[in-house]
Amino acid sequence: MYNVLLIGNGAREHALAWKLSQSKLLNQLYITPGNPGTALCGTNLNIPANDFDAIKKVIWEKDIDIVVVGPEDPLVNGITDSIQSDKVLKDVIVIGPNKAGAMLEGSKAFAKSFMQKYNIPTARYQSFTHTQFKEALEFLKSLQPPYVIKADGLAAGKGVVIVPTLEEAKTNIEEMFSGKFGEASQKIVIEEFLQGIEVSYFVLCNEEQFVLLPDAKDYKRIGENDTGLNTGGMGTVSPALTISTPEFTERVLNKVIIPTLEGLKAEGISYCGFIFFGLMNVNNHPYVIEYNCRLGDPETESIMLRIESDLIELFVKTAKKELTPDAIQISNDCAATVIIASKGYPEKFDKGFEIIVEQDKIQSHLFYAGTAIKDGRLVNNGGRVMAVSSLGKTLQEALDISYQSIQHIHFENMYYRRDIGQDILKRLNTV
Ligand code: AMP
Ligand code: GLY
């Protein structure tokens, strides 16, 4: 039996906590800092994800066997190295790469040069430091619009701009170099625009082995029909029917996943955890848009519903290098997640409205994100408030269950997209 500490506080972590809490191998589950949803699955601890000393102390005090790191920040800051270099904690299993592995997400310039070195398909690019403004402009001129400009480091999902004119591209580069995203944008990547459909693939891996997790499609824009500002994600479906075809998946395995794992090994990077491949499907060929060193949010809320295997068993097999491809069972059912958000997100919004959930009328899983308990009541406390996730025999059924459940969740200024999965349903009906 295992004691598990899960780090993070989003709906992704609530979905992980829910799945972990069903494991026959679980003794105690702790989540830090957690949220009111994770508190329904285990015990929340009030330690910030980046306070490594306090986290190490609690690992020791609570006799934790497995640490699962949800978000990228602590990974990029070296939480795994910090735990594993501690003599007392060296046998603790950490699901999440060390600092070197987390560079796949922590530096876009690193990720791009890694892909180039190992022949992994990605958009043509060059990277520039703030002393190379002129060179950056020259390279821009060699590309066709629209122009894709990325801050090198972590910028809370906001470090990418796609603009139609050279003039706007220039202004954005100036802003980045003058510190719009602090350190993160002192270096930038400029790359070719790829026309296609985005899809998310995931593996759980160690240096030698991996299992492929369910794939998903994320709906990133705030507005229906993919309009308006980018968000953390307004919904997901899994699988990404019509996009993640068997032929495409075969190419993802052979051209992206296996070369990435071989590349990590060749670089001497020992990686134990999740890799999220943000891909563009261009005429059925995969191109890597980005790597993440963690699971996606809100993809996790859909894919956890489709994983039938025991999650702790999978984690232990990963750490002990006993991970065979058949270690994972995945349901053929479809999952759909619709995010309910605070109106105004991803810009300004009001917090503190009471959330009423008619629990007996809800057939979905509700995974909490930006929520808090105030005077004994559940209130909205962030932009993305809850993930409403359902499993169905068909995508239509999964979506219907989520949208019916939403009719029984109420708070002032509640917003959600009504068109999650509609593009896929349309394509399914025309093939
Ligand atoms: P990233 O943070 O790298 O995932 O970029 C954010 C979003 O920008 C992606 O999810 C894509 O929608 C878009 N994007 C990034 N790079 C490209 C590209 N080379 N071509 C087209 N769209 C892109
Ligand atoms: N859903 C996109 C992400 O987690 O980065």
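Just above sits the structure.
About the cut-offs
Residues numbered from 1 in each chain as written. Chains lettered and ligands numbered in written order. Predicted model: local features only at pLDDT ≥ 70, side-chain atom pairs only at ≥ 80, totals over all residues. Heavy atoms only, no water. Helix = DSSP H or I, 4+ residues; strand = E, 2+ residues; numbered from the N terminus. Rg over C-alpha atoms; globule rule 2.2 N^0.38 Å. Contact = heavy atoms within 4.5 Å. Areas by Shrake-Rupley, 256 points an atom, 1.4 Å probe, with all protein chains shown as cover. Lys, Arg positive; Asp, Glu negative; His and termini not counted. Charge placed at Lys NZ, Arg CZ, Asp CG, Glu CD. Near = heavy atom within 4 Å. Polar contact = N/O pair within 3.5 Å; in protein donor to acceptor, adjacent residues only side chain to side chain. Pairing = 2+ DSSP bridges. Axes fitted to C-alpha atoms, helices over the stretch in contact; angles between N-to-C directions. Salt bridge = Lys/Arg side-chain N within 4 Å of Asp/Glu carboxyl O. Buried < 20%, exposed > 50% of the residue type's maximum accessible area, 1.4 Å probe, protein only.

S.K.: Tell me about the overall build of the chain, residues and numbers included.
M.R.: On a plain count of helices and strands, the chain comes out with 13 helices and 25 strands. On C-alpha atoms alone, the chain measures out to a radius of gyration of 21 Å, which is about the 22 Å that the 2.2 N^0.38 rule sets for 431 residues. Counting only contacts in the chain whose residues sit at least 6 apart along the sequence, the fraction spanning at least 24 positions is 69%. Accessible surface computed for the chain: about 18400 Å², of which carbon and sulfur atoms make up 48%. Side-chain charges of the chain comprise 43 positive and 54 negative groups, with the mean position of each set lying 2 Å from the other.

S.K.: Break down the site of ligand 2 for me, citing the residues and quoting the values.
M.R.: In the vicinity of ligand 2, the contacting residues are Asp218, Gly232, Phe276, Arg294, Gly296, Asp297, Pro298 and Glu299. Asp218 is positioned with one of its side-chain polar atoms (N or O) 2.8 Å from a nitrogen atom of ligand 2. Interatomic distance of 2.8 Å between a side-chain N/O atom of Glu299 and a nitrogen atom of ligand 2. For ligand 2, the accessible surface in isolation is 200 Å², of which the surrounding protein chains cover 87%.

S.K.: Explain the sheet that holds strand β16 (residues 273–282) residue by residue, including any values.
M.R.: Taken together, the 4 strands give an open sheet; going across it, the order is β11-β10-β16-β17, and neighbouring strands pair in antiparallel fashion. The two strands at the open ends of the sheet, each matched to only one other strand, are β11 (210–212) and β17 (285–292). Taking the axes of each pair of neighbouring strands and ignoring which way they run, one obtains an average angle of 35° across the sheet. The pairing of β16 with β17 spans 7 bridges and is antiparallel. Among the inter-strand pairings, Val282 is bridged to a residue of β17, identified as His285.

S.K.: Describe the pattern of salt bridges, with residues and values.
M.R.: Working definition: two side chains of opposite charge can pair if their charged atoms are close together. Overall, the coordinates contain 23 salt bridges when judged by the stated rule. Across the pair Lys24 and Glu313 runs a salt bridge whose closest N-O atoms are separated by 3.2 Å. Linking Lys24 in the loop between α1 (11–21) and β2 (26–33) with Glu313 in helix α11 (residues 311–319), this pair joins segments that are 289 residues apart in sequence. With a relative accessible area of 57%, Lys24 lands in the exposed category.

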